[in-house]
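# Structural description and commentary
So you can see what is in the structure, the chains are spelled out below.
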Amino acid sequence: MSSLFQRRLLVGAMAALCVGVFVTDNIVSLQMISGRSMQPALNPDSNRLKRDVVLVDKAVRGSMASRLRRGDIVVFASPADPDRRLVKRIVGMPHDCVVPLRNPDSYVRVPQGQCWVEGDESFHSSDSNSFGPIPIALITGRAIAPVWPLSRFGARLNPLPEWKKSRVYVNGGFRLT
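Residues numbered from 1 in each chain as written. Predicted model: local features only at pLDDT ≥ 70, side-chain atom pairs only at ≥ 80, totals over all residues. Heavy atoms only, no water.

As a further point, take the sheet that holds strand β4 (residues 85–92). On the basis of which strands lie adjacent, the open sheet formed by seven strands has the order β1-β2-β9-β3-β4-β7-β8 and antiparallel pairing. Each edge of the open sheet is held by one strand with a lone partner, namely β1 (28–32) and β8 (134–135). Relative to strand β2 (residues 53–57), β1 runs antiparallel, the two sharing five bridges. Its bridge partner lying in β2, Gln-31 is registered against Val-54. (Pairing = 2+ DSSP bridges. Helix = DSSP H or I, 4+ residues; strand = E, 2+ residues; numbered from the N terminus.)

Bringing the pairing of strand β9 (residues 139–148) into the picture now. Most of β9 is tucked away, with seven of its 10 residues classed as buried. Of the pairings in the sheet, the one linking β2 to β9 comprises five bridges and is antiparallel in character. Note that in β9 the partner of Val-54 across the bridge is Pro-146. When strand β3 (residues 73–77) meets β9, the two strands line up antiparallel, connected through three bridges. Looking at β9, one finds that Phe-76 is bridged to Ile-139. (Buried < 20%, exposed > 50% of the residue type's maximum accessible area, 1.4 Å probe, protein only.)

On inspection of all chains with the given rule, the structure shows nine salt bridges. Salt-bridge contacts for Arg-142 lead to Asp-72; the nearest nitrogen and oxygen are separated by 3.6 Å. Residue Arg-142 is located in strand β9, and its partner Asp-72 is located in the loop between β2 and β3; the two are separated by 70 residues in the primary sequence. Residue class for Arg-142 comes out buried when judged on its relative accessible area of 15%. Measuring nitrogen to oxygen at the nearest pair gives 2.8 Å for the salt bridge that ties Arg-89 to Asp-120. Highlighted residues: Arg-89 in strand β4 and Asp-120 in the loop between β7 (114–118) and α2 (128–131), separated in sequence by 31 residues. Across the pair, exposure class does not vary: Arg-89 and Asp-120 are buried alike. By sharing partners, the salt bridges in this structure join Asp-57, Arg-67, Asp-72 and Arg-142 into a single network. (Salt bridge = Lys/Arg side-chain N within 4 Å of Asp/Glu carboxyl O.)

Encoded structure:
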């Protein structure tokens, strides 16, 4: 091989690596889902050997956070352990009032810049019912669709369950239904 060919190959490989790192950090990435907290939307099979892998839209951070909506499934840094990533559904947005599962006689008003997140299978979930609203700045991406296993490739993610909607008062006023 000629020295010129090797140099071009090396430059091309380095450019591809840089583009790949940029894309996975800022545009899209893959996230493996572990645990039962998002069943049935994610990991619907209780078999621990089969885990969903989802495509994650990373363009929802910073000034793009306004694209987030109630019902979106998001990836975020755990408030208790910033090195751990959690996957939950947004139930309440800023200024909403949410009735917590553990205290149904009260409500929590979600502060500006924060959101209320819950797992779909609330009894197996560490979520805002445990740690309260989370800063939207902790959100690193929004799940778009499963890509693995292949039998679930591109499957539509379930919307916000009706029983969760009945616990949310939009902007502290009318009930979300």
